[in-house]
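The residues making up each chain are set out below.
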Amino acid sequence: MPIPIKSDEEIKLMQESAQILIEAHELVAKHVKPGVTTKELDQVAYKFITSKHAIPSFKGYGGYPASACVSINDEVVHGIPGARKLKQGDIVSVDLGVYYKGYHSDAARTYPVGDVSPDVLKLIEVTKQCFFEGLKYAKAGNHLGQISKAIQDYAESFGYGVVRDLVGHGIGEALHEDPQVPNYKAPGRGVKLEKGMALAIEPMINMGTYQVKCLDDDWTFVTRDGLPSAHYENTIVITDDEPMILTLRSKDEGEK
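Remember, it's a predicted structure, so these values are computed and weren't measured experimentally.

What follows is about the overall build of the chain. Within the chain, the secondary structure is distributed over four helices and 15 strands. The C-alpha radius of gyration computed for the chain amounts to 17 Å, which stays within 12% of the reference 18 Å derived for 256 residues, consistent with globular compactness. Summarising its shape, the C-alpha atoms of the chain cover approximately 45 × 45 × 35 Å along the three principal directions. Here the chain holds 256 residues, and the buried ones make up 54% of them.

Put into structure tokens, the structure is as follows:
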């Protein structure tokens, strides 16, 4: 099945979706503090996104019961919001999607809760930089495997584990489109990148083993060794020049 190529008009619509998503993340970040429940973070996101006449991409997707994925400490992704309260020293990953005017955007951030140990802060920083290392190869004419390899090489240079069971994806009219975007070097070069391809690149990096398992709720993935995991994701579009990062106000935010 051919990978969808976005027109200039479609990219503009995705930018509108992404702008709502940027603001949603900024609002949620202000509420990340000890004592706040994961459900409260979900409600903040839901109320804001719907106030913009947009739809939370995740709510009801495959039966998912919430608007946000809120994952704490050893939870890698897809944590279901509930009564659990954030505690001093936790880290929390918030993954959000917005559907607006027929197009999706998707982005994730990992936040420290109060004072967090230097080792865990380093994990958050490296995970974020993994995205930018991969982004260096997100150019027309390159291959997807170059993005994946750059992410893996950077993460593993710090001794971290790169999750294999979950990957990034194409995005647009559907939340998940082709191609899959691994954070590790899979066999072969991967697809050749073309102008107009829209990708959600999302390093999921573990402090210890790369191995994960799914809990009995059939959604939440956790690290097998119980060590922390971080998640950083943006929606981008391939151009003839530097890639467009739709879900970030400035490309320089956090890039080394």
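After that view, the rundown keeps rolling.
Spatial strand order, β6-β10-β13: three strands in an open sheet with antiparallel pairing. The sheet is open, and its two edges are formed by β6 (161-162) and β13 (229-231), each paired on a single side. As judged from the two bridges shared by β6 and strand β10 (residues 204-206), these two strands associate in the antiparallel manner. Paired with V162 across the two strands is I205, which belongs to β10. The strands touched by helix α3 (residues 118-135) are β10 and β13; relative to β13, the strand with the most contacts, the crossing angle is about 40 degrees.

This part takes up the pairing of strand β4 (residues 91-100). On a regular strand, one side chain projects to one face of the sheet and the next to the other, so that they alternate. For β4, the tally of buried residues reaches nine of ten residues, placing the bulk of the element in the interior. Relative to β4, strand β2 (residues 68-72) runs antiparallel, the two sharing five bridges. Each bridged residue has a counterpart across the sheet, and for I72 the counterpart in β4 is V92. With ten bridges joining them, β4 and strand β5 (residues 103-112) adopt antiparallel strand pairing.

With that out of the way, let us pick up α3. With 18 residues, α3 ought to run about 26 Å at 1.5 Å a step, and its terminal C-alpha atoms sit 26 Å apart, in line with that. If you check which residues of α3 are buried, you get V120, L123, I124, V126, T127, Q129, C130, F131, F132, E133, G134 and L135.

Time to look at the environment of Y46. Here Y46 is to be found in helix α2 (residues 38-51). Given a relative accessible area of 35%, Y46 falls into the partly exposed group. When the C-alpha positions of Y46 and I91 are compared, they lie 21 Å apart, and in sequence the two are 45 residues distant. When sequence neighbours within four positions are dropped, the list of residues in contact with Y46 reads P56, K59 and S67.

Let's shift gears to helix α4 (residues 144-156). The terminal C-alpha atoms of α4 lie 19 Å apart, and with 13 residues this matches the ideal 18 Å at 1.5 Å per residue to within 8%. For α4, the full list of buried residues reads L144, G145, I147, S148, A150, I151, Q152, Y154 and A155. Elements that come into contact with the buried residues of α4 comprise α3, β6, β8 (177-181), β9 (198-201) and β10.

Residue P179 is reached from D178 by a cis peptide bond, and omega for that bond is 5 degrees. Tracing the backbone shows P179 in strand β8. With phi around 60 degrees, H53 is a residue other than glycine that occupies positive phi space. A relative accessible area of 72% places H53 in the exposed class.

Across the interface, α3 lies against α4 with an axial gap of 8 Å and an inter-helix angle of 150 degrees. On the basis of their axis angle, the class for α3 and α4 is roughly antiparallel. Note that α3 runs across α4; the crossing there is right-handed. Contacts between α3 and α4 pair V126, Q129, C130, E133 and G134 from the former with I147, A150, I151, Y154 and A155 from the latter. Residues belonging to the contact of α3 with α4 are distributed by class as follows: seven nonpolar, two polar and one charged.

With that out of the way, let us pick up empty space enclosed by the protein. The full count for this structure, using the stated rule, is one cavity of 30 Å³ or more. Taken as a whole, the largest cavity spans an internal volume of roughly 30 Å³. Broken down by secondary-structure element, the contributors of at least two residues to the lining of the largest cavity are β2, β3 (75-77) and β4. Looking at the lining of the largest cavity residue by residue, the class counts come to four nonpolar, four polar and one charged.

Calculation rules
Residues numbered from 1 in each chain as written. Predicted model: local features only at pLDDT ≥ 70, side-chain atom pairs only at ≥ 80, totals over all residues. Heavy atoms only, no water. Helix = DSSP H or I, 4+ residues; strand = E, 2+ residues; numbered from the N terminus. Rg over C-alpha atoms; globule rule 2.2 N^0.38 Å. Buried < 20%, exposed > 50% of the residue type's maximum accessible area, 1.4 Å probe, protein only. Pairing = 2+ DSSP bridges. Contact = heavy atoms within 4.5 Å. Axes fitted to C-alpha atoms, helices over the stretch in contact; angles between N-to-C directions. Expected span 1.5 Å × (residues − 1). Parallel < 35°, antiparallel > 145°, perpendicular 65-115°, else oblique. Left-handed = near helix turned anticlockwise from the far one by under 90°. Nonpolar A, V, L, I, M, F, W, Y, C, P; charged D, E, K, R; others polar. 1 Å grid on protein atoms, 1.4 Å probe; cavity = no way out; pocket = protein on both sides within 12 Å on 5 of 7 lines; lining within 4 Å. Points joined across faces, edges and corners; volume = space filled by probe spheres on them.

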